[in-house]
Amino acid sequence: MNLKRILRRSREDAELSQELGSHIQHEIDDNVARGMTPDEARRQAYIRLGNPLVIRERVWETNRIAVLEDLWRDLRYAVRTLTRAPGFTFVVVLVMALGIGANTSIFSFLDSLLLRSLPVSDPDSLVVLKWHAKSLHSSGQQDFVMESMSGGTDDDPKLGMTSGIFPYPAFELLEKDNAVFSDMFAYCRSREVRTLNVVIRGQAQIAGGELVSGGYFRGLGVVPAAGRMIARDDDRIGAPPVVVVSHAFGERYFGGSANGAGQPIVINGLPFTVVGVAPAEFFGVDPSTAPDIYLPMHTNVLLGAQIPFGFTSADYLGANYYWVEVMARLRPGVTLQQAQTALAPRFEQWVSTTAHNDAERANLPALSLQEGASGLDTLRRRYSKPMYLLMTLVGLILAIACSNVANLMLSRSASRKREIALRLSQGASRFRVIRQLLTESVLLSVAGGLVGVLLAVWGIRVLTAVLSEASHGSGLRADLDGRVLVLLVSLSLLSGVLFGLAPALQSAKLNLVTALKETQSTQARVRHSFWNARGTDVLVVGQIAISVVMLVAAGLFVRTLSNLQLVDLGFNRDNLLLFQLNARQSGHKDSEISGFYCELQERFASIPGVQAASLADTSLIEAGDGLPISVPGKQPNNDFRFFPVGPRFLTTMQIPLLAGRDFGDQDRPKSKAVAIVNEEFARISFPGENPIGRHLYMWKESELSRPWDDKNNIARDMEIVGLAKNANYGGVKQKIPPVVYLPYDQGYPEPAEMVFALRTSSYPLSFVSSVREIVHQMDPRLPVSEVRTQRAEIDASMHQEIMLAQLCSAFAALALTITCVGLYGTISYKVAQRTGEIGIRMALGALRGRVLWMVLREVFALVALGLAISIPVSLGTSKFVSSFLFGMKANDPLALTCAVVILVATALSAGGIPAKRAASVEPMSALRHE
Amino acid sequence: MGERKGTSSEMVQGTLEMLILRTLITGPAHGHTIAHVIEHGSEDVLEVEQGSLYPALHRIEHRGWVTSYWGTSENNRKAKFYKLTPAGKKQLTAETNRWRRVVAAIGRVMGEAAE
């Protein structure tokens, strides 16, 4: 019925004017009857009744559901107004869309990184077990109850050391008679399972595994997609070896996850049975890993037996060996705090019995429980800082965008003064005018929001590509989900109201008489008075300041990246193909592995176009192993690093030799043990002497006793045969340590997985198929994995820097663009307002150059003010990003100079266009324009 | 300019509506007559602000207290006549009672004060 009333409105209105007309007629009749002249009678009648238009308006107001109808009318009017100013509308919508789009895509990532819960049942009752101790770094303390470990700790000199790895006995202790947890389970991604050689129906591939305790799937409440999950009975020594595979793995290798259950599978040469397939949305407890295969915890004894330094069943008893990560589910009604209070003393008491001396007792790890709903924080640790940084930057962009739109609205409402004054004088209430203007701005921001959604979808795709490039598909996913969408919509509406309100209020405060009397030229004079111009100028100055700050940030990150790329690695990174082979995992025995690799190396080297081929324990970028190595007569130096390599390694990597020779075919397993040291090693160990011919000892690592002087513990007695120039070891950002290169096959430690390096004459990846063919001929069970170019590997190690440099540059460009649009708009507007004045000046003989300068002076003033604000701000805030920088200080003068130059140049060209237009005003046409 | 204030307070608005309903009890009338009847009836003490009359008429029409039709006036002009509905009669009774109570109450207060 109400809708009908709205539709009937024009008819009712016509009837009402008829009725009012009739009233006037009756009043006139009466007045004439009283003896007035017809004219006077009419005049008096109108005076009595008042303005019929206002009465009609008031009748409408009483008659309808005002809001809906007004909204519809306001909307239609707003659309009409906006389409009459397409340039304005386009710019505003674009600016809003850019701001909202950038914010939404970054927020989607933040959401998926920091806020989203694990896809398991009731994630809120999950807790992660951690411990905390005093920092070892800062105290230089060596003694700690964690005497050996497999996993990671986070040692911050200020915050202390935290970690989530525990000895297995601690897990068993806390699991027993536990009144606060309904389930408790452990998992671990140890060396034994990180990369598995998996053979399914005769086909070999590499898969990522995770060890899980028997209670893992039950504790997480995971419902299998097929078969069953790993149960307690599977997790003991001697149980039939079973695994659970991920949904994606089942789809890929078993032709559908439903077929997975019951299939045989060979892992590292050992037969297993797939008992079930995990559901599609399940990725384990760490969003960064997403394992393919879940193995019962105790299978690590089987797998460990196959590799050097592998896991043994004795490690399950080691009270000082930290390796399992633990999660638990709170019993209903138990809080995190209660659980903490119940378990911390138990752990404390147990851990104190594992200490061997007073130094260890003085710094015992203390148990601390954390919420587990969002899973483990590997990804969070890696990405949250850059994400917050990016969020700040896009927040600034949104600020610029909003202030820009507000600016445009202000200018526009100033030029609409007369229109608004006219509407007010016709009896429109101020409230209605404000509402109309608000409708326009909200409509604009909704349009901006919609385009922003499209931009966000695209932005998320680009960001995913940028972020996961090189992080080996780390499971970093982000979707535009409902929550983000709600945020987006409220963001756009809020900014609509915010940037619409100020101009609306301002225009509703008009003094009607002056506003209506204003012509363009008088308006210009009013406009030009100092305080009136303030509002838009302040906004422009603010935008310039923010742009400079963002340009400085972009400059810092771009310089960091280029510093990283210019680092002299000490070897040639171009035209180098790298890939992994693990002969041991596919069943080769130590005795023949060396010969097998040797033959592969020869065959790779004979591929046409391959100049040299060699192999090493790992790639130089990822290297970082230490074993006790000493110069005879001295203690082993903990800083010494070693690097097992194959023949002609230095030649292949093009690391220059300063003295002696490279390893060659004469360095066989049974021949004399040799070594090559780098300059740094020679500088520390043999200062001022020739290292060639000197000897080095490599010691067997033994946990319980460390008799460095017992010659029986010497694993290798090596003679130094070469001195190599320093080459990067362990990453581009690392300082080059003292390194000993040694043949991989001269005894302890035995080789496992090897990285082959091929120096090619052309694009390295074009040789991949020849490589695969050779490997397949040699051993079809042996998969080639992690094929990459050396350059790609280096880029991957710098992907955070690449990401920051790319995104920051993009954001800075965006901010600069928006600012220039704002500057251009403001200056153009001012020029348009002053066309008459300029015409008069020129008619009176002002030169074009003078007019040009008059306008440019304003641009300079705005830019100078912006710089005056932003330079101190940049200097003050850039220290917050110093942890992201490399090879430079936070207050880098070059970055700052570049930012200033870029800004001044673009601002002048943005302001220069309207300035030139002002200078080319024809005096006569400008004056006629009035 | 802008919004007119003052005439739209609820008391005055309600009172005007009551007066209109009272006027219509003697039979249908158009807006001009209604205004005159109220003014004459009050011996010109009450002056109906004509600008408020029509919004009030439309309001009570939408509440279903009166219906309207187009007819010919005593001056032989086309005019819109308003006629009381049963609901309007009931409303008038209620309003009148309420009014009497209020007047009596005010009278008591004023009377006491005078003594």
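The structure under discussion appears in the preceding block.
Residues numbered from 1 in each chain as written. Chains lettered and ligands numbered in written order. Predicted model: local features only at pLDDT ≥ 70, side-chain atom pairs only at ≥ 80, totals over all residues.

S.K.: Could you clarify how one ought to interpret the overall build of chain A in this entry?
M.R.: Of the regular secondary structure elements, chain A holds 31 helices and 28 strands. Here chain A, with 930 residues, has 43% of them falling under the buried criterion. Across chain A, every contact between residues at least 6 apart in sequence was considered, and the portion connecting residues at least 24 apart equals 82%. (Helix = DSSP H or I, 4+ residues; strand = E, 2+ residues; numbered from the N terminus. Buried ≥ 20, exposed ≤ 12 C-beta atoms within 10 Å, placed from the backbone. Contact = placed C-beta atoms within 7 Å.)

S.K.: I tried to follow the interface of chain B and chain A on my own but got confused; where do I start?
M.R.: For an interface, size is often stated in terms of accessible area lost upon the parts coming together. Taken residue by residue, the interface counts 18 residues in chain B and 22 residues in chain A. The set of elements that each furnish at least two residues to the side of chain B that touches chain A consists of α2 (31–41), α3 (50–62) and β3 (78–84) of chain B. Ranked by the residues each element gives to the side of chain B that touches chain A, the list is headed by α3(B), at 7 residues. Across the side of chain B that touches chain A, the residue classes break down as 4 nonpolar, 9 polar and 5 charged. (Nonpolar A, V, L, I, M, F, W, Y, C, P; charged D, E, K, R; others polar.)

S.K.: Looking at this structure, I do not really get unusual backbone geometry. What am I missing?
M.R.: If a residue is not glycine, its phi is most likely negative; likewise, a peptide bond is most likely trans. The phi dihedral of A:N575 is positive, around 50°, even though this residue is not glycine. With respect to the helices and strands, the residue A:N575 is situated in the loop between α21 (530–566) and β18 (576–581). In this model, B:N76 sits at a positive phi of 70°, which is unusual for a non-glycine residue. With respect to the helices, strands and loops of the structure, B:N76 is situated in the loop between β2 (66–72) and β3. Using a count of 8 C-beta atoms within 10 Å as the deciding quantity, one classes B:N76 as exposed.

S.K.: What am I meant to see in the nonpolar core here?
M.R.: In globular proteins that are soluble, nonpolar side chains generally tend to be buried together. Within the largest apolar cluster, 228 residues are counted, with the highest numbers of intra-cluster contacts made by A:M550, A:A553, A:V740, A:F811 and A:A815. The element best represented in this core is helix α27 (residues 799–833) of chain A, accounting for 17 residues. The residues touching A:A553, leaving out its near neighbours within four places in the chain, are A:L393, A:C808, A:A812 and A:V881. Core analysis: the next-biggest nonpolar cluster, separate from the first, contains 27 residues, A:I55, B:L19, B:L57 and B:V66 among them. (Core = buried A, V, L, I, M, F, W, Y, C linked by C-beta atoms within 7 Å.)

S.K.: How should I be thinking about the pairing of strand β6 (residues 181–188) of chain A in this particular structure?
M.R.: Regular strands place side chains that alternate from one sheet face to the opposite one. Residues and elements named next belong to chain A. The buried fraction of β6 is high, at 6 of 8 residues. Bridging between β6 and strand β16 (residues 324–330) involves 6 bridges; their strand directions are antiparallel. From the neighbouring strand, M184 faces β16, where its bridge partner is A328. (Pairing = 2+ DSSP bridges.)

S.K.: What is the right way to read α27(A) from this model?
M.R.: Along an α-helix, a turn takes 3.6 residues, which lines up residues three or four apart on a common side. Between the first and last C-alpha of α27(A) there are 50 Å, a value that for 35 residues agrees with the 51 Å anticipated at 1.5 Å per step. In terms of burial, α27(A) is largely enclosed, as 25 of its 35 residues are buried. (Expected span 1.5 Å × (residues − 1).)

S.K.: Hey, could you run me through the sheet that holds strand β1 (residues 29–30) of chain B in this one?
M.R.: One key point about sheets: their strands pair by backbone hydrogen bonds, in either a parallel or an antiparallel sense. Residue and element names in this part refer to chain B. Reading across from one edge, β1-β3-β2 is the order of the 3 strands in this open sheet, with antiparallel pairing throughout. Whereas interior strands pair on both sides, the edge strands pair on one side only; in this sheet they are β1 and β2. Looking at chain direction, β2 and β3 are connected through 7 bridges and run antiparallel. Across the sheet, residue V66 finds its bridge partner in β3, namely L84.

S.K.: What is the right way to read the packing of α2(B) against α3(B) from this model?
M.R.: Relative orientation and spacing of two packed helices are given, respectively, by the angle between their axes and the distance between those axes. Residues and elements named next belong to chain B. Look at α2 against α3: their axes get within 11 Å of each other, and the N-to-C directions meet at 120°. On the basis of the axis angle, α2 is oblique to α3. Taken as a pair, α2 and α3 cross one another with a handedness that is right-handed. Of the residues in α3, those touching α2 at G31, I34 and A35 are Q50, L53, Y54 and L57. Among the residues making up the contact of α2 with α3, the classes are represented as 5 nonpolar, 2 polar and no charged. (Axes fitted to C-alpha atoms, helices over the stretch in contact; angles between N-to-C directions. Parallel < 35°, antiparallel > 145°, perpendicular 65-115°, else oblique. Left-handed = near helix turned anticlockwise from the far one by under 90°.)

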